[in-house]
Structure formats: structure tokens, C-alpha cells
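# Examining the three-dimensional arrangement
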Amino acid sequence: MSQSYDGPPATLDRPLEAGPDDWQGRAFYFLMNALVVPRPIGWISTLSGKGVRNLAPYSHFNLMGSNPFYCAFASTGVKDTITNLREVPQFVANIVSMKLLEQMNFSACDFPAEEEEFGWAGLTPVPAVKVRPFRVGEAKAHLECEVAQIVVDGNTNIVLARIVHAHVDPSVWKNGRVDPKLLDPACRLAGSGYAGLGELVNVQRPEWANVKGSRGQEAMPREERR
Ligand SMILES: Cc1cc2nc3c(=O)[nH]c(=O)nc-3n(C[C@H](O)[C@H](O)[C@H](O)COP(=O)(O)O)c2cc1C
């Protein structure tokens, strides 16, 4: 059972319980964006039927499967990106490094549909290999995608797309793989907050053969026991 507020309380003297309809305005939206963090940013490049190049960031974005490979992003409302995808159902998801934060943010301005964000943000459109929309030349990695389905529920438009090609710049490649520190992806927090990667750790996944016969805690590496 949710508690009923007009808005979120300034402080909590008990755990917060809330549903999407409990608060007025965008309070629940801010709560969700503050809880599901950090989010990667898909910097989505599309093409209109008339050939106008569009570019906009979407942080309701992620990898969504691997056989076949899918990614997804969601638009709240029908923006130029969604309109374009109905005309040309392909896009490039450009990966945003911290160095591109200002240009990425600038491209989120509510430019009219006929204006090209590439030019306004001083970014270089580079042809893709398997899709018609352009890549951001300054980005260090790009995913070329073909739209499979757009799921519409009210104002939420979820784009599900197959990943058909990837590009990686040599500058972020080390020892046979993408080096996360070199890729330096911008991580989206709530509001206008962002973060870099910070501390990196490796944790080995356990195997049943080692876990069975123990009582869980015993098989867990000592430093991870609580
Ligand atoms: C970092 C960042 C992430 C964003 N994520 C989303 C998102 O997930 N969904 C959404 O609808 N708008 C999101 N926006 C807002 C859109 O980028 C903005 O409305 C933009 O003008 C849409 O452009 P378009 O009309 O060219 O598609 C985000 C903006 C920023 C700066």
C-alpha cells in the first residue's frame, strides 16, 4: 500500500513507499531517474525521410540481449528521433565519452526538426557502414542499429532494435578489448547530474561445482563475506 503525498517529503523518518500516481507533477519521474543510476547514454543519430540528420541523447537506453544483439531506448513523447525512425527505421547509438559531455548536452536542445544538431554542436557526421544515419565522428564507439519494433504505451515510446554493426576507435582499444578508462563513458544521474567511471573492480562469477557442498558463505571469497 502506497503512502499518499502531494510530493516527496524533505526528510524520511521511515522507508519511502510510493507509486507513479502518488505524487503530483514529475516527482516520481525524478525518483526513478535518481534510483536507476548510473545510466549509459545512447546518443541517437537518425535521418528524416527528407534526409535531415538528427542527433539527440537518450539515457533510458541499454543493451537488451545478445542472441541476437538488441539495444533499446525510450522517448517520453514523440520527439524528432521517433518521427524519423518511423520514416527511416535505422539509427546509430554513439557512445558519449566525458570529453563530449557539453556537445552531447547541447544536442538535447529543442532544435526545430529541420535544424541539424551535428552542425550546431560542431560535430562531424561520418557515414555508417550498414545503416543510413550518420555517426558522430568525435565519438569513440558507435552501434549501428535496425529498428525491430516500437512499443507505444501512453507517452512512452520504447524502441527495440537489432545491433547490426559496431565501430571502435583504436584510441580506446587495449590488450584486445575496449579499455573502460579509455572509453571514459559519461554516466547519467538524476537531473543534470553526470559521473565518470570512478573506481573499477573485478569480481569472478562463482561456479556451482565450487559452491555445492558448501554453505554459500564458506564458498564465497573471504573478502566478500558479510
Ligand atoms: C543526458 C540526456 C539524456 C536524455 N534522455 C532522454 C530519454 O531517455 N528520453 C527522452 O525522451 N528524452 C531524453 N532526453 C531529452 C532529449 O534529448 C531532448 O528532448 C531532445 O531535444 C530530443 O531530441 P529530438 O527531438 O531530436 O529527438 C535526454 C537529455 C539529456 C541531456
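Residues numbered from 1 in each chain as written. Predicted model: local features only at pLDDT ≥ 70, side-chain atom pairs only at ≥ 80, totals over all residues. Heavy atoms only, no water.

### As for the nonpolar core
- Ranked by size, the top nonpolar core spans 16 residues in total, and within it Phe73, Leu85, Phe91 and Val159 carry the most contacts.
- Secondary structure elements with two or more residues in this core: strand E2 (53-58), strand E4 (69-76), helix H2 (80-87), strand E5 (90-95), strand E8 (141-153) and strand E9 (156-168).
- Once residues within four sequence positions are removed from consideration, Val159 is found in contact with Cys71, Ala72, Phe73, Ile82, Leu85, Phe91, Val147, Gln149 and Ile150.
- By size, the runner-up hydrophobic cluster in this structure holds 13 residues, among which are Trp43, Phe118, Ala121 and Ala139. (Core = buried A, V, L, I, M, F, W, Y, C linked by side-chain atoms within 4.5 Å. Buried < 20%, exposed > 50% of the residue type's maximum accessible area, 1.4 Å probe, protein only. Helix = DSSP H or I, 4+ residues; strand = E, 2+ residues; numbered from the N terminus. Contact = heavy atoms within 4.5 Å.)

### Examining the pairing of strand E3 (residues 61-66)
- In the sheet, E3 pairs with E4 via five bridges, with the strands oriented antiparallel. What sits directly across from Leu63, in E4, is Cys71.
- Connecting E3 to the antiparallel partner E4 that follows it, the hairpin turn spans two residues. (Pairing = 2+ DSSP bridges.)

### Topic: the side chain of Asn33
- For Asn33, the location among the structural elements is in helix H1 (residues 27-35).
- Note on Asn33: relative accessible area 8%, which makes it buried.
- Reaching out from Asn33, the side chain makes a polar contact with the side chain of His60 at a distance of 2.9 Å.
- If we skip the residues at most four places from it in the chain, Asn33 touches Arg39, His60, Leu189 and Ala190. (Polar contact = N/O pair within 3.5 Å; in protein donor to acceptor, adjacent residues only side chain to side chain.)

### Some thoughts on the packing of aromatic side chains
- A full pass over the atoms with the stated rule returns six aromatic pairs.
- On the basis of an interplanar angle of 50° and a centroid distance of 5.0 Å, the ring pair of Tyr58 and Phe73 is categorised as tilted. Residue Tyr58 is found in strand E2, and its partner Phe73 is found in strand E4; the two are separated by 15 residues along the sequence. This pair shows no difference in class: Tyr58 is buried, exactly as Phe73 is.
- Geometrically, the ring pair formed by Phe106 and Phe111 is edge-to-face, given 5.7 Å between the ring centres and 70° between the ring planes. (Phe/Tyr/Trp six-rings, centres within 6.5 Å; stacked < 30°, edge-to-face > 60°.)

### As for the site of the ligand
- Lining the immediate surroundings of the ligand are 19 residues, of which Asn54, Tyr58, Thr76, Lys79 and Thr81 lie closest.
- Taking Thr76, its main chain carries an N or O atom lying 2.8 Å from an oxygen atom of the ligand.
- A distance of 2.5 Å separates an oxygen atom of the ligand from a polar atom in the side chain of Thr81.
- Look at the ligand: alone it shows 650 Å² of surface, and the protein chains cover 87% of it.
- Those elements that provide at least two residues to the shell around the ligand are E2, E4, H2 and helix H3 (101-106).
- Here the element with the most residues in the shell around the ligand is E2; it accounts for four residues.
- In terms of residue class, the shell around the ligand is built from eight nonpolar, seven polar and four charged. (Near = heavy atom within 4 Å. Areas by Shrake-Rupley, 256 points an atom, 1.4 Å probe, with all protein chains shown as cover. Nonpolar A, V, L, I, M, F, W, Y, C, P; charged D, E, K, R; others polar.)

By themselves, these figures tell us nothing about what the structure is for.
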